[in-house]
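Survey of secondary and tertiary structure
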Amino acid sequence: MRRLALALLAVGLAGCEAGPAPIAYGRAACAWCRMTISDPRFGAELVARRGKIYTFDSIECLAGFVASGQVAPGDVHSLWVTDFARPPKLVAAKDAVYLRAGPPRSPMGMGLAAFAERADLAHARAGSAGDELTWDRVVAGVRDSGFVERPPAAGA
């Protein structure tokens, strides 16, 4: 009986998949810049393999954290960004498409917004200039901006 219980526990634990959690807007602090996460259109998360969740107030803070290597790439389970068109819905960072433009203005000022659907990005982009980016280009752009070497102070 004990072996059966242990086997069922092992199967149950193996089936548990780490994933994102709802962000506590207005209460949670960004793991990168320490600002209170307040705008539900821009929140993001890194889920570590051991289940720890790091929350961020913007895409650029998540990208800066990833680029800084504070969590080793092998220890990252998944990355999540808020779908700007459907907040507070989180989508996998690698599956989202990104807009870098003037509006919408993101919390850290880089003008990055994520979309689950390319059509939503096109709608947001209508009438304004902006670049469509992949997650890899977002991380490279944040790294190249110097944001990784000098993260903003709280309240910036």
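Only a predicted model underlies this, so the values are computations on that prediction, with no experimental measurement involved. (Residues numbered from 1 in each chain as written. Predicted model: local features only at pLDDT ≥ 70, side-chain atom pairs only at ≥ 80, totals over all residues. Heavy atoms only, no water.)

Strand order in the open sheet made by the three strands is β6-β5-β7, with antiparallel pairing throughout. In the strand order of this sheet, the two ends are held by β6 (112–115) and β7 (130–133), each with one partner. Each strand of the sheet is rotated relative to its neighbour by a mean of 25°, with strand direction disregarded. In the sheet, strand β5 (residues 97–101) pairs with β6 via four bridges, with the strands oriented antiparallel. (Pairing = 2+ DSSP bridges. Helix = DSSP H or I, 4+ residues; strand = E, 2+ residues; numbered from the N terminus. Axes fitted to C-alpha atoms, helices over the stretch in contact; angles between N-to-C directions.)

Backbone hydrogen bonds are what pair the strands of a sheet, in a parallel or an antiparallel way. A sheet is described by the order of its strands in space; here four strands give the open sequence β2-β1-β3-β4, paired in antiparallel fashion. Each having just a single partner strand, β2 (53–56) and β4 (90–92) make up the two edges of the open sheet. In this sheet, adjacent strand axes meet at a mean angle of 25° when their direction is disregarded.

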